2 protein chains.
Amino acid sequence: MAVYIEPKILKGFRDFLPDAEIVRRNLTEKIENVFCSFGFVPIDTPAMEYAEILLGKGGGETEKQIYRFKDNGERDVALRFDLTVPFARFIALHRAELTFPFKRYHIGKVWRGENTQRGRFREFTQCDFDIIGSDSPSSDFEILLLIQTTLLNLGLEITIHVNHRGLFNKFLQHINQSEKLVDVLRTVDKLSKVGEEETKKSLESIAGEENAKKILEFIGAKGNFTEVLNRITELSGGSSPESDRLLTLYEFMKDANAGNAPNSEPFVLDPSITRGLDYYTGVVFETFLNDLPDIGSICSGGRYDNLCALYSKEKETVSGVGSSIGLDRLLAALETVGKLPAAKKPQIAIACVNAEKSGEYQALAQSFRKDGINCEVFLDAGAGGEKQPVKQFVLAEKKGIRYVIIPGDEPLKDKMTLRNLSTRENREVSVEEAKKTLK
Amino acid sequence: MAVYIEPKILKGFRDFLPDAEIVRRNLTEKIENVFCSFGFVPIDTPAMEYAEILLGKGGGETEKQIYRFKDNGERDVALRFDLTVPFARFIALHRAELTFPFKRYHIGKVWRGENTQRGRFREFTQCDFDIIGSDSPSSDFEILLLIQTTLLNLGLEITIHVNHRGLFNKFLQHINQSEKLVDVLRTVDKLSKVGEEETKKSLESIAGEENAKKILEFIGAKGNFTEVLNRITELSGGSSPESDRLLTLYEFMKDANAGNAPNSEPFVLDPSITRGLDYYTGVVFETFLNDLPDIGSICSGGRYDNLCALYSKEKETVSGVGSSIGLDRLLAALETVGKLPAAKKPQIAIACVNAEKSGEYQALAQSFRKDGINCEVFLDAGAGGEKQPVKQFVLAEKKGIRYVIIPGDEPLKDKMTLRNLSTRENREVSVEEAKKTLK
C-alpha cells in the first residue's frame with residue numbers, strides 16, 4: 001500500500017521558491033510598466049502548437065531541440081521553443097483583427113531540449129517586443145529607446161551596438177563578394193568568440209587576402225557614431241538608403257537623448273554586429289551592460305522584411321522591428337551587479353496571543369490591508385506558553401517582516417505593542433498611530 | 001520555394017489578443033495584490049515533470065487526459081494537469097528550505113486533453129492558494145476570509161458554502177453506514193445535478209430506506225449557521241471535535257466580519273457539500289456568486305491530512321488547507337455580470353506631424369512617461385498630406401486612447417494642441433499644462 005515516489009524534477013527544469021519567484025515577478029512588472037508607458041500591449045499564445053507550424057521549413061538545431069510528440073488524438077504537436085515563430089503565426093491568423101502599426105510584447109515560457117552541461121535551461125522565460133507594420137526609421141528608433149529606458153529603469157547602464165545588415169550586404173556587393181554572404185556572415189558573427197587572427201584566416205580562405213583585409217577594415221571601423229558611419233559609407237561605395245537610415249537614427253538619438261540620459265553615448269555604431277544568419281534585413285543591434293560587458297548581449301534584435309511569409313498567402317508583407325530579452329541572463333546580470341529588485345514582503349504580522357481571538361486578529365488585519373498595508377496574521381499561539389512571542393518574532397524575521405504587532409485584549413479597540421524587528425524597540429500605539437508609522 | 005503553412009491553432013488552445021490579455025493580467029494582478037496583503041507568497045514549478053510524479057498512483061480520468069510523451073532522452077514525461085500534484089512534490093523536495101506555516105499561491109497554466117465539445121479548454125490557467133503546516137482552525141478561516149476578500153475586491157458578492165467532511169464521516173458511523181462511505185459520497189456529490197428524487201432512490205439502494213431518509217435529513221438541514229450546526233451535531237450523535245471546529249469557525253466569522261462586509265451572511269453551513277472523492281478530510285467549501293449561482297462553484301477547496309504522503313518517507317505529515325480558483329470561469333462570470341476589470345490603455349498619443357522630428361517627439365513622450373503618464377508616439381506622418389492628423393485621430397480612437405497631442409515645431413518648448421477624443425475639443429497648452437490635465 002505504501003507507495004513512495006522520489007520527489008525529483010527533470011534536469012534543466014527549475015522550481016522557483018518564494019524569494020526567487022518574487023524577484024522574477026518584480027522584474028517582469030518593472031519591464032511591463034515601461035512597455036505599457038510606450039503604448040505596447042501584451043498578447044499570449046498557446047504553449048503547444050502543431051509541430052508543422054513551429055518547425056516551419058524545419059531542419060537544423062531547432063529540430064533536434066524541440067519537444068515534439070503525438071497528442072491523444074494522434075496530432076503531431078510540439079512545445080514552443082521561442083516566441084517569434086508563434087508570433088508570425090499569430091499575425092498571419094489575426095491580421096484583420098489588429099490595428100497597425102501593432103506594438104506588442106509577449107512574456108512567456110519556452111522549452112528547448114538543450115544540453116544542460118552548458119548551463120542552459122530546458123524551460124526558460126523569453127520577453128519579446130516588436131513593432132509590426134511600420135517601415136519607418138522612427139520605429140527602429142523606438143525599439144532602441146525602449147530597450148534603453150527599460151534597462152535604465154532597472155538601474156543598469158548599457159551600450160547598444162547598432163548596425164545595418166543591408167549596408168553590410170551593399171559593401172560585399174561593392175567588393176564583388178555578394179555570393180560569399182552566408183560564409184562571410186557566419187565567420188564575422190564568431191569574431192568575438194574566436195578573435196581577430198582566426199577570423200582573418202577564415203575570411204582569407206573564403207574571399208581571398210585582399211577582400212579579407214577590406215572586410216576586416218569594414219567590421220573594425222572605430223570612432224564615434226558619425227566617424228564610423230562616414231567610414232563604412234565610403235567603404236560600401238558612397239551614400240545609400242541604408243547609410244541614410246543610420247544617419248536618421250543618429251539624428252533621432254541626439255534629439256531624444258538631449259540631456260535626459262545619464263550615459264551620454266548609449267548608442268554606438270558597430271559594423272561587426274550582423275546577427276549571423278538570422279532573418280534580419282535592416283537595422284540590427286545588441287545590448288551590453290557597461291558594468292558587465294563579458295556576459296554578452298542581454299537584448300538583441302533587428303528589422304525584418306516579412307515576418308509571416310511562411311503562413312500567409314497575401315502579397316502585402318508584414319515588416320517590422322523587434323527585440324528579445326532573455327530574462328534568465330538579465331536576472332543573473334542584475335544579481336552580479338547587486339541590482340536585483342528587492343522582494344516585496346508583508347510589512348507587518350499580527351502575533352497570535354490567544355488563538356481563540358483569530359477572528360478579531362483578522363478584523364484588525366483587514367483594517368490595515370484596506371489602508372494598503374500588507375499584513376500577515378500568525379495562526380497559532382504555539383505550545384511555548386509565555387515564550388511564544390519570542391518564537392513568533394523569530395518566525396517574522398525569517399519571513400523578512402519589519403514589524404510585529406502584539407494585539408491587546410480587544411484587538412480593534414485596545415492599544416497594541418508595535419515591535420520594530422530591526423531596532424528591537426517596542427512602542428504602545430493605537431490602531432491609527434500604528435497605521436501612521438507603517439504607511 | 002514558396003512554402004505555405006496554414007496558420008491554425010490546436011483545438012482547445014487559445015491565442016489572447018491584446019484586449020483579452022490585458023484584462024487577464026489586470027485580473028491576476030488584483031488577485032495577487034490581495035494574496036500579498038495576507039502575506040501569501042508566490043512559487044512556480046516546471047510545466048513538465050516525470051510522468052510518474054504527476055500520475056502518482058495513476059489510473060482514472062487523469063491518465064486519459066494527461067499529455068504524456070517520451071522526451072529526447074527517452075524519459076517518460078508529462079505536462080502538469082493541475083497545480084496540486086506539483087505542489088505536493090515541491091513540498092516534499094523543499095521542506096527543509098521553507099518556513100512553516102507556509103502560505104503560498106501559484107498561478108500557472110495547466111494542460112488536459114479534455115473533450116472540447118463540453119466547452120472545456122485544453123490549456124487553462126489555475127490559481128491555487130494553500131496554508132501548509134498548520135492544523136489550527138484559524139488557518140481554515142484565513143483561507144475562507146481570503147476567498148471572500150479576493151472576490152469582494154473584484155466587485156463580486158459571494159456566498160461560501162462550508163461543511164466538515166469529518167463530521168459527515170462521523171454521522172455515517174453513527175448510523176452504522178461507514179462502509180458505504182465511497183458510494184454515499186459519490187451519490188451526494190451529484191445531488192445538485194440529478195435532483196433530490198433521483199438521489200433518494202440511489203441512497204435507498206445503497207443504504208436502505210431508513211438510512212437514506214437520515215442521510216437526506218443530514219445533507220438537507222436548513223437554517224442559519226448555528227441552527228444547521230445544532231441539527232447535524234445532533235444527527236451525528238452529539239458534539240465532537242468536528243462540530244466544535246465548525247463552531248470555532250463560526251465565532252471567527254462573526255468576529256472578523258463585524259461590520260466590515262457588505263454581505264452580512266457570506267458564510268453558510270451546507271452539509272450537502274462534500275467535495276466527492278477528493279482527498280479532503282476536514283473543512284470543505286464551495287463558493288457561489290450571489291448574482292450568478294447557476295454557473296456553480298468558482299472557488300472550492302478544503303483541509304487535507306497529508307499533502308505529500310506519496311513523495312515523502314518522513315513520518316511527520318504535512319497537513320494543510322487550500323483552495324483553487326478557475327480563472328477562465330471567473331473571467332466568464334465577471335463578463336456576464338459586467339464587472340470585468342477595464343483594460344488599462346495608454347492615456348495619450350503624440351501625433352506624427354513631421355517624421356523627421358521623431359527623436360524630439362520621443363523626448364516629449366519620455367517627459368510624460370517620467371511623470372507616470374503612459375504615452376504612445378505615432379511613427380508615421382503617413383501619405384495623407386494635410387489629412388493625416390484626422391487619420392491619426394481615428395487610429396488613436398481604435399486604440400482606446402483618450403487624448404492626442406499635436407506637437408509644435410519645437411515639441412519640448414512650444415505650446416501643443418491637446419485634443420480630447422471624446423469631446424473632440426482642442427486646447428493649446430504648454431507641456432506643464434498638458435501634464436496637469438492628464439495626471
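Residues numbered from 1 in each chain as written. Chains lettered and ligands numbered in written order. Predicted model: local features only at pLDDT ≥ 70, side-chain atom pairs only at ≥ 80, totals over all residues. Heavy atoms only, no water.

K.L.:
Looking at this structure, how should I read helix 13 (residues 327–336) of chain B?
P.N.:
Residues spaced three or four apart along an α-helix face the same direction, because each turn holds 3.6 residues. Residue and element names in this part refer to chain B. Listed as buried for helix 13 are Leu327, Asp328, Leu330, Leu331, Ala333 and Leu334. Summarising the contacts, the buried residues of helix 13 are in contact with helix 1 (18–37), strand 5 (102–111), strand 6 (123–132), helix 5 (137–153), strand 9 (283–289) and strand 11 (320–326). Looking one or two residues past helix 13, Gly338 carries a phi angle of roughly 70°, positive in sign. (Buried < 20%, exposed > 50% of the residue type's maximum accessible area, 1.4 Å probe, protein only. Helix = DSSP H or I, 4+ residues; strand = E, 2+ residues; numbered from the N terminus. Contact = heavy atoms within 4.5 Å.)

K.L.:
Looking at this model, I keep getting lost on the sheet that holds strand 2 (residues 48–50) of chain A. Mind explaining?
P.N.:
Strands belonging to one sheet form pairs held by backbone hydrogen bonds; the direction of such a pair is parallel or antiparallel. All names here are of chain A. As summarised here, the arrangement of the 3 strands in space is 2-4-3, forming an open sheet in which the pairing is antiparallel. Of all the strands in the sheet, the pair left with one neighbour each is strand 2 and strand 3 (68–70). In this sheet, neighbouring strand axes are inclined to one another by 35° on average, regardless of whether the strands run parallel or antiparallel. Sheet topology note: the strand 2/strand 4 (residues 76–79) ladder contains 3 bridges and is antiparallel. Bridging from a neighbouring strand, Glu49 pairs with Ala78 of strand 4. (Pairing = 2+ DSSP bridges. Axes fitted to C-alpha atoms, helices over the stretch in contact; angles between N-to-C directions.)

K.L.:
What is the right way to read the interface of chain A and chain B from this model?
P.N.:
When the parts come together, some accessible area is lost, and that loss is often what is quoted as the size of the interface. Listed per partner, the contact involves 102 residues of chain A and 101 residues of chain B. Around 8,700 Å² of area is buried between chain A and chain B when both sides are counted, 61% of it from carbon and sulfur atoms. In terms of surface lost to chain B, no three residues of chain A exceed A:Ile5, A:Leu10 and A:Leu379, which account for 8% of the buried area on that side. Inspection of the region where chain A meets chain B yields 8 salt bridges. A:Arg89 serves as the salt-bridge partner of B:Asp15, at 2.6 Å between the closest nitrogen and oxygen. Summed over the shared surface of chain A and chain B, the number is 34 residue pairs in polar contact (both at pLDDT 80 or more). Sorting elements by how many residues they give to the side of chain A that touches chain B places helix 14 (residues 358–370) of chain A first, with 8 residues. Across the side of chain A that touches chain B, the residue classes tally to 51 nonpolar, 20 polar and 31 charged. (Buried area = accessible area lost by both parts, 1.4 Å probe. Salt bridge = Lys/Arg side-chain N within 4 Å of Asp/Glu carboxyl O. Polar contact = N/O pair within 3.5 Å; in protein donor to acceptor, adjacent residues only side chain to side chain. Nonpolar A, V, L, I, M, F, W, Y, C, P; charged D, E, K, R; others polar.)

K.L.:
How do you make sense of the packing of helix 6 (residues 165–174) of chain B against helix 7 (residues 181–189) of chain B when you look at a structure like this?
P.N.:
Residues and elements named next belong to chain B. Their axes nearest at 11 Å, the elements helix 6 and helix 7 cross at an angle of 125°. Here helix 7 runs oblique to helix 6, going by the angle between their axes. Note on packing geometry: the crossing formed by helix 6 with helix 7 is right-handed. Residues Arg165, Phe168, Asn169 and Leu172 of helix 6 lie in contact with helix 7, whose contacting residues are Leu181, Val184, Leu185 and Val188. Taken together, the residues of the contact of helix 6 with helix 7 break down into 6 nonpolar, 1 polar and 1 charged. (Parallel < 35°, antiparallel > 145°, perpendicular 65-115°, else oblique. Left-handed = near helix turned anticlockwise from the far one by under 90°.)

K.L.:
Is there a simple way to think about the sheet that holds strand 6 of chain B in this case?
P.N.:
Residue and element names in this part refer to chain B. If you walk across this open sheet you meet the 8 strands as 1-5-6-11-10-9-7-8, and the pairing is mixed. This sheet does not close on itself; its edge strands, each paired only once, are strand 1 (41–42) and strand 8 (267–269). As defined by bridge partners, strand 1 adjoins strand 5 across 2 bridges and the pair is classed as parallel. Among the inter-strand pairings, Pro42 is bridged to a residue of strand 5, identified as Tyr105. Strand contacts of helix 6: strand 7 (158–164) and strand 9, with the helix running at about 45° to strand 7, the strand carrying the most contacts.

K.L.:
What's the story with the pattern of salt bridges in this structure? I'm lost.
P.N.:
Oppositely charged side chains can form a pair if their charged atoms are brought close together. Scanning all chains against the criterion turns up 63 salt bridges over all chains. The salt bridge involving B:Lys109 is made with A:Asp44; its shortest N-O contact spans 2.3 Å. Here B:Lys109, found in strand 5, pairs with A:Asp44, found in the loop between strand 1 (41–42) and strand 2, and the two come from separate chains. Note on accessibility: B:Lys109 and A:Asp44 belong to one class, buried.

K.L.:
Just to check I follow, could you spell out the packing of helix 12 (residues 241–257) of chain A against helix 14 (residues 358–370) of chain B for this structure?
P.N.:
Geometry of a packed helix pair, given as the angle between the helix axes and the separation of the axes. The interhelical angle for the contact between helix 12 of chain A and helix 14 of chain B, taken along N-to-C directions, is 30°, at an axis separation of 7 Å. Classified by the angle between their axes, helix 12 of chain A and helix 14 of chain B sit roughly parallel to one another. Considering only the axes of helix 12 of chain A and helix 14 of chain B, their crossing is right-handed. Between helix 12 of chain A and helix 14 of chain B, the residues in contact are A:Phe252, A:Asp255 and A:Ala256 and B:Ser358, B:Gly359, B:Glu360, B:Gln362 and B:Ala363, respectively.

K.L.:
Help me understand unusual backbone geometry in this model?
P.N.:
Trans is the common state for peptide bonds, and a negative phi is the common state for residues other than glycine. Here the residue pair A:Phe100 and A:Pro101 is connected by a cis peptide bond, since its omega of -5° sits within 30 degrees of zero. Mapping A:Pro101 onto the fold places it in the loop between helix 4 (84–94) and strand 5 (102–111). Within the chain, B:Glu74 stands out as a residue other than glycine whose phi angle is a positive 65°.

K.L.:
For this particular structure, what's the right way to read the packing of aromatic side chains?
P.N.:
Each pair of aromatic rings is reported with the distance of its centres and the angle of its planes. Enumeration over the complete set of coordinates arrives at 22 aromatic pairs over all chains. Taking 5.8 Å as the distance between ring centres and 55° as the angle between the ring planes, the aromatic pair formed by B:Phe141 and B:Phe252 counts as tilted. Taken together, the residues B:Phe141 in helix 5 and B:Phe252 in helix 12 (residues 241–257) connect sequence positions 111 residues apart. Here the two residues B:Phe141 and B:Phe252 agree in accessibility, since each one is buried. Over the face of the ring belonging to B:Tyr50 we find A:Lys8, whose NZ or CZ atom lies 4.4 Å from the ring centre. (Phe/Tyr/Trp six-rings, centres within 6.5 Å; stacked < 30°, edge-to-face > 60°. Lys NZ or Arg CZ within 6 Å of the ring centre and 35° of its normal.)

K.L.:
Honestly, the side chain of B:Ser243 in this entry has me stumped. Any pointers?
P.N.:
Inspection of the secondary structure assignment puts B:Ser243 in helix 12. B:Ser243 has contacts with B:Leu167, B:Leu229 and B:Thr233, leaving out every residue within four places of it along the chain.

K.L.:
What am I meant to see in the relation of the copies chain A and chain B here?
P.N.:
The relation between the two chain copies is a rotation about an axis coupled with a shift along that axis. In the superposition of chain A on chain B (RMSD 0.1 Å, axial shift 0.0 Å), the rotation amounts to 180°. The relationship between the two copies is best expressed as a two-fold rotation axis. When each C-alpha of chain A is compared by its distance to the rotation axis, A:Phe69 comes out closest, at 3.2 Å. (Least-squares fit on C-alpha atoms with pLDDT ≥ 70 in both.)

K.L.:
Just to check I follow, could you spell out helix 9 (residues 196–207) of chain A for this structure?
P.N.:
Residue and element names in this part refer to chain A. Between its terminal C-alpha atoms helix 9 stretches 16 Å, which fits the 16 Å expected from 12 residues at 1.5 Å a residue. Of the surrounding elements, those touching the buried residues of helix 9 are helix 7 (181–189), helix 8 (191–194) and helix 10 (209–219). Immediately downstream of helix 9, the backbone of Gly208 shows phi near 90°, a positive value. (Expected span 1.5 Å × (residues − 1).)

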